[in-house]
Amino acid sequence: MLTAIDQVANQNHLQMIKAAIPYLDIRRQKMVSVCVKLLELENVLAFYRQSEESALQACSLNQESGGAADILNDIRNYCDKGEQDLIDQCISMLNTLELYTTLAQQTDVP
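The rules behind the values
- Residues numbered from 1 in each chain as written.
- Predicted model: local features only at pLDDT ≥ 70, side-chain atom pairs only at ≥ 80, totals over all residues.
- Heavy atoms only, no water.
- Helix = DSSP H or I, 4+ residues; strand = E, 2+ residues; numbered from the N terminus.
- Buried < 20%, exposed > 50% of the residue type's maximum accessible area, 1.4 Å probe, protein only.
- Polar contact = N/O pair within 3.5 Å; in protein donor to acceptor, adjacent residues only side chain to side chain.
- Contact = heavy atoms within 4.5 Å.
- Phe/Tyr/Trp six-rings, centres within 6.5 Å; stacked < 30°, edge-to-face > 60°.
- Expected span 1.5 Å × (residues − 1).
- Salt bridge = Lys/Arg side-chain N within 4 Å of Asp/Glu carboxyl O.

(A) Region of the structure containing the environment of Gln84. Tracing the sequence through the fold places Gln84 in helix α5 (residues 81–108). For Gln84, a relative accessible area of 18% translates into the label buried. Spatially, the C-alpha atom of Gln84 lies 9.2 Å from that of Asn73, the residues being 11 residues apart in sequence. A distance of 3.3 Å separates a polar atom in the side chain of Gln84 from the backbone oxygen of Arg76.

(B) Region of interest: the side chain of Asn10. By the element assignment, Asn10 lies in the loop between α1 (4–9) and α2 (14–20). For Asn10, a relative accessible area of 10% corresponds to the buried category. Within polar-contact distance, the side chain of Asn10 engages the side chain of Lys18 at 3.1 Å. For Asn10, the residues in contact, after removing those within four places along its chain, are Leu2, Gln15, Lys18 and Glu40.

(C) Structural view of the packing of aromatic side chains. This model, assessed by the stated rule, comprises one aromatic pair. Note on Phe47 and Tyr48: the rings are 5.1 Å apart at their centroids and 80° apart in plane angle, and the pair reads as edge-to-face.

(D) Representation of helix α3 (residues 26–50) in the model. End to end, α3 covers 36 Å across 25 residues, agreeing with the expected 36 Å (1.5 Å per residue, within 8%). Of the residues making up α3, those classed as buried are Val32, Val36, Glu40, Asn43, Val44 and Phe47. N-cap assignment for α3: the residue whose side-chain oxygen lies 3.1 Å from the backbone N of Arg27 is Asp25.

(E) Structural context of the side chain of Gln84. Engagement of the side chain of Gln84 in a polar contact is seen with the backbone oxygen of Cys79, the distance being 3.3 Å. Ignoring anything within four residues of it in the chain, the contact list for Gln84 reads Arg76 and Cys79.

(F) View of the pattern of salt bridges. Enumeration over the complete set of coordinates arrives at five salt bridges. Between Asp85 and Lys81 there is a salt bridge, with its nearest N and O atoms 2.9 Å apart. Taken as a pair, Asp85 and Lys81 lie in helix α5 at a separation of four residues, close to a single helical turn. Lys81 gets classed as exposed once you look at its relative accessible area, which sits at 58%.

(G) How the structure looks around the environment of Ile21. Its location among the elements puts Ile21 in the loop between α2 and α3. Separated by 10 residues in the primary sequence, Ile21 and Met31 have C-alpha atoms spaced 9.7 Å apart. For Ile21, the residues in contact, after removing those within four places along its chain, are Gln29, Val32 and Ser33.

In C-alpha cells:
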C-alpha cells in the first residue's frame, strides 16, 4: 500500500521499474535504483511547485473531528502485528478520554 506522498512520488510507472530492478545485474541495479529515487524526488518537488493549495492533506483535516486517532489509524496500516496492537490500545485510550471529556462537559452545563 502506498502512502499519499508515495503516490505522488511514484508517478510515471516507477513501481514497475522498481519491480524489475532485482532482475538486473548489480551494476545496473545501483544505477537504476538511484535514477528511480531521483525521479521520485523530481515528482515530489514538481507536485509542491504547482501550488500551495495542492499540498498533501489528510481528508479529515478539513473536518472538525481530525486528530491523533486519525493519524494513528493511518500509521497502523504500515505496522507489524505487535505495533498494531499497541496502536489499537492507544486509540482505545484516546476514545475513552474523548468520551470522558464529552461526559464531563455535559455534566458541567447548567
